[in-house]
Amino acid sequence: MKDTIKWGILAPGHIAQRFTEHLLTLPDAKIVAVGSRSIDRALQFAETYNIDRAYGSYLELVKDPEIDIIYVASPHSAHYEHCLLALEHGKAVLCEKSFTANAEQAKELVKVAREKSLFIMEAMWTRFLPVYPLVKKLLDSGTIGEVRTVSANYCFFREFEAEHRIFNPDLAGGALLDIGIYPLSFAQWVMGEMPEFIESRCKLAPSGVDEQTSIMLTYKGGKSALLHCAFNSFSPTDAYICCKDGFIYIEDFNRATKAEVYKGWEKIDELKVDFEYGLAFQAAEAMRCLREGLIESPILTHQMSIDCMAIMDKIRADNGIIYPFEK
Ligand SMILES: NC(=O)c1ccc[n+]([C@@H]2O[C@H](COP(=O)([O-])OP(=O)(O)OC[C@H]3O[C@@H](n4cnc5c(N)ncnc54)[C@H](OP(=O)(O)O)[C@@H]3O)[C@@H](O)[C@H]2O)c1
């Protein structure tokens with residue numbers, strides 16, 4: 001594949017703006033087009049970021065023959081439809097988290113991508129932060145023994161607004177899919193397997209989606225993960241990986257620039273990295289995969305995204321959260 005990978009931005013909302021700013025820092029990436037449901041929004045976005053073409057529909061965007069990969073940044077409820085649209089028009093896809101609204105949709109997208117030999121990946125950007133290969137190496141070295149437990153939280157307060165994407169069941173809102181996916185994906189990355197038991201308790205917002213969710217996952221051999229997400233409180237976003245002979249403390253695991261390593265109670269190392277444009281790492285990985293002809297990233301495989309969706313399906317089912325389009 002060519003030196004420059006050409007991107008199309010689908011749904012120019014809040015995160016699409018930030019992603020675009022980070023993507024533009026990569027010299028081998030070029031954004032050639034943006035598509036919105038509104039031509040005015042597309043034109044405004046194109047003007048802001050100096051993008052060649054603006055389309056007033058997603059269909060026109062995915063038909064653009066110059067585009068190699070589409071970044072899908074619509075609400076969770078629409079990821080399936082928009083990824084499918086891109087794949088059906090021969091485009092690779094980087095799709096915002098949560099990958100889809102449920103595991104069935106995730107499996108279907110992966111099936112289509114594989115049939116068409118097209119790359120697809122969930123934009124779980126925190127997985128690609130440079131501190132994590134260092135953490136993995138440390139864990140694999142056995143210096144602090146086997147992993148026993150993981151804990152991670154991601155909570156912030158947001159006043160309830162029935163129509164807002166994050167509270168709206170029609171858009172697959174709720175704390176779990178919106179921010180719970182971060183600690184969940186983190187725990188799944190550390191454990192590397194599906195849990196044997198998935199226990200949870202959700203507190204529902206007036207719209208029927210979760211505003212607060214506590215999760216306990218139990219893995220083979222009794223390893224476990226304790227995770228929280230909420231829109232009704234603030235929490236530190238720190239994570240702990242606790243092992244037989246010590247632990248790793250990751251301050252702000254979502255934007256981590258360091259991980260402290262403890263043997264027993266004694267701090268023995270600090271794994272440090274520095275970066276400015278955190279959303280660019282996932283894009284760089286997508287472009288590496290495209291160039292190498294890979295249809296999935298070995299860092300964030302299709303199965304990892306499907307597993308997270310399946311765990312969230314179980315949590316929603318256990319707490320009576322069914323999106324209107326699933327009924
Ligand atoms: N990586 C991160 O740090 C991060 C942060 C925030 C959100 N996200 C994820 O990014 C995605 C979008 O979140 P956001 O906060 O950017 O949302 P947003 O600001 O509401 O933008 C979503 C865009 O999707 C388009 N859209 C298509 N169908 C829609 C519908 N039925 N209702 C509303 N909008 C629709 C709209 O663009 P047009 O109408 O112009 O086409 C809208 O601007 C979600 O998956 C979210 O979880 C990721």
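Worth saying up front: this structure is predicted, and the values here are computed from it rather than measured.

Participant: Describe in detail the overall build of the protein, supporting the description with residues and values.
Facilitator: Along the protein, the regular secondary structure elements total 9 helices and 14 strands. Here the C-alpha atoms of the protein give a radius of gyration of 20 Å, agreeing with the 20 Å that 2.2 N^0.38 yields for 327 residues. Seen through its principal axes, the protein has C-alpha atoms that stretch 55 × 45 × 35 Å. Counting the 327 residues in the protein, one finds 56% classified as buried. For the protein, restricting intrachain contacts to residue pairs at least 6 apart in sequence, the fraction spanning at least 24 positions comes to 67%. Carbon and sulfur atoms form 51% of the exposed surface of the protein, whose accessible area is close to 14,100 Å².

Participant: Describe in detail the packing of aromatic side chains, supporting the description with residues and values.
Facilitator: Enumeration over the complete set of coordinates arrives at 18 aromatic pairs. Summarising the aromatic geometry, the rings of Tyr132 and Trp189 are spaced 5.2 Å apart at their centres and angled 75° between planes, so their arrangement reads as edge-to-face. Placement of Tyr132 in helix H6 (residues 131-141) and of Trp189 in helix H7 (residues 175-191) is noted, with a sequence separation of 57 residues between them. Residue Trp189 is classed as buried on the basis of its relative accessible area, which comes to 14%.

Participant: Residue-level account of the pairing of strand E2 (residues 29-35), with values.
Facilitator: A large share of E2 lies buried, amounting to 6 of its 7 residues. Bridge count for strand E1 (residues 5-10) against E2 is 6 bridges, and the pairing is parallel. Paired with Lys6 across the two strands is Lys30, which belongs to E2. Between E1 and its parallel partner E2, the chain crosses via helix H1 (residues 14-23), and the hand of that crossover is right-handed. Pairing geometry for E2 and strand E3 (residues 53-55), over 3 bridges, is parallel. Looking at E3, one finds that Gly35 is bridged to Tyr55.

Participant: Could you give an account of the site of the ligand, with specific residues and numbers?
Facilitator: Residues in contact with the ligand amount to 21 residues; listed here are only the nearest, Ser36, Arg37, Arg41, Tyr58 and Lys97. Within the side chain of Ser36, an N or O atom sits 2.6 Å from an oxygen atom of the ligand. One of the side-chain nitrogen or oxygen atoms of Tyr58 is found 2.4 Å away from an oxygen atom of the ligand. Contact with the protein chains covers 82% of the free accessible surface of the ligand, which is 890 Å². At the level of secondary structure, the elements contributing two or more residues to the shell around the ligand comprise H1, helix H4 (76-88) and H7.

Participant: Before we move on, can you summarise the sheet that holds strand E5 (residues 92-96) with the specific residues and values?
Facilitator: Read from one edge of the open sheet, 6 strands run E3-E2-E1-E4-E5-E6, paired in parallel fashion. Edge positions in the open sheet fall to E3 and strand E6 (120-123), since each of these has one partner strand only. Between one strand axis and the next, the sheet turns by 25° as a mean value, whatever way the strands run. Sheet strands in contact with helix H2 (residues 39-49) are E1, E2 and E3, and its direction is about 160° off that of E3. Across the face of the sheet, helix H8 (residues 280-291) comes into contact with E1, E2, strand E4 (69-72), E5 and E6 while running at roughly 130° to E1.

Participant: Go over the nonpolar core with me, naming the residues and quoting the values.
Facilitator: In terms of nonpolar packing, the biggest core is built from 118 residues, with Trp7, Tyr132, Val135, Phe186, Ile241 and Ile250 touching the most fellow members. The greatest single-element share of this core, amounting to 12 residues, is contributed by H7. Dropping the residues within four chain positions of it, Val135 is found in contact with Trp189, Ile241, Ile248, Ile250, Ala259 and Leu271.

The rules behind the values
- Residue numbering note: each chain is counted from 1, following its sequence as written.
- Local features are withheld for residues below a pLDDT of 70 in this predicted model, meaning they are given only at 70 or higher, and side-chain atom pairs are given and counted only at 80 or more; totals for whole chains, interfaces and linings count all residues.
- For side-chain calculations, the full set of non-hydrogen atoms in the structure is used, while hydrogens and water are omitted.
- For the purposes of this entry, the term helix denotes a DSSP run of H or I that reaches at least four residues, the term strand denotes a run of E that reaches at least two, and both are numbered from the N terminus.
- Computation of the radius of gyration draws on C-alpha atoms, with the globule rule given as 2.2 Å multiplied by the number of residues to the power 0.38.
- For every residue, the accessible area (1.4 Å probe, protein chains only) is compared with the maximum for its type, and the residue is labelled buried under 20%, exposed over 50%, or partly exposed between those bounds.
- Only heavy atoms enter the contact rule, under which two residues are in contact if any of them lie within 4.5 Å.
- For every accessible area listed, the method is Shrake-Rupley and the probe measures 1.4 Å; residues are considered covered only by the protein chains on display.
- Pairing of aromatic rings covers Phe, Tyr and Trp, the last through its six-membered ring, and needs centres within 6.5 Å; plane angles under 30 degrees mean stacked, over 60 mean edge-to-face, and all others mean tilted.
- In short, DSSP must find at least two bridges between two strands for them to pair.
- Clockwise travel from the first strand over the helix to the second, with the strands pointing away from the viewer, marks a crossover as right-handed.
- Each residue is tested against the molecule or strand, and it is near if at least one of its non-hydrogen atoms lies within 4 Å.
- N or O atoms within 3.5 Å of each other form a polar contact, as long as, within protein, one can give a hydrogen and the other can take it, and as long as residues adjacent in sequence are counted only when both atoms are side-chain atoms.
- Here an axis means a line fitted to C-alpha atoms, over the contact stretch when the element is a helix, while the angle between two N-to-C directions is reported on a 0 to 180 degree scale.
- To qualify as a nonpolar core, a set must consist of buried Ala, Val, Leu, Ile, Met, Phe, Trp, Tyr and Cys residues joined through side-chain atoms within 4.5 Å.

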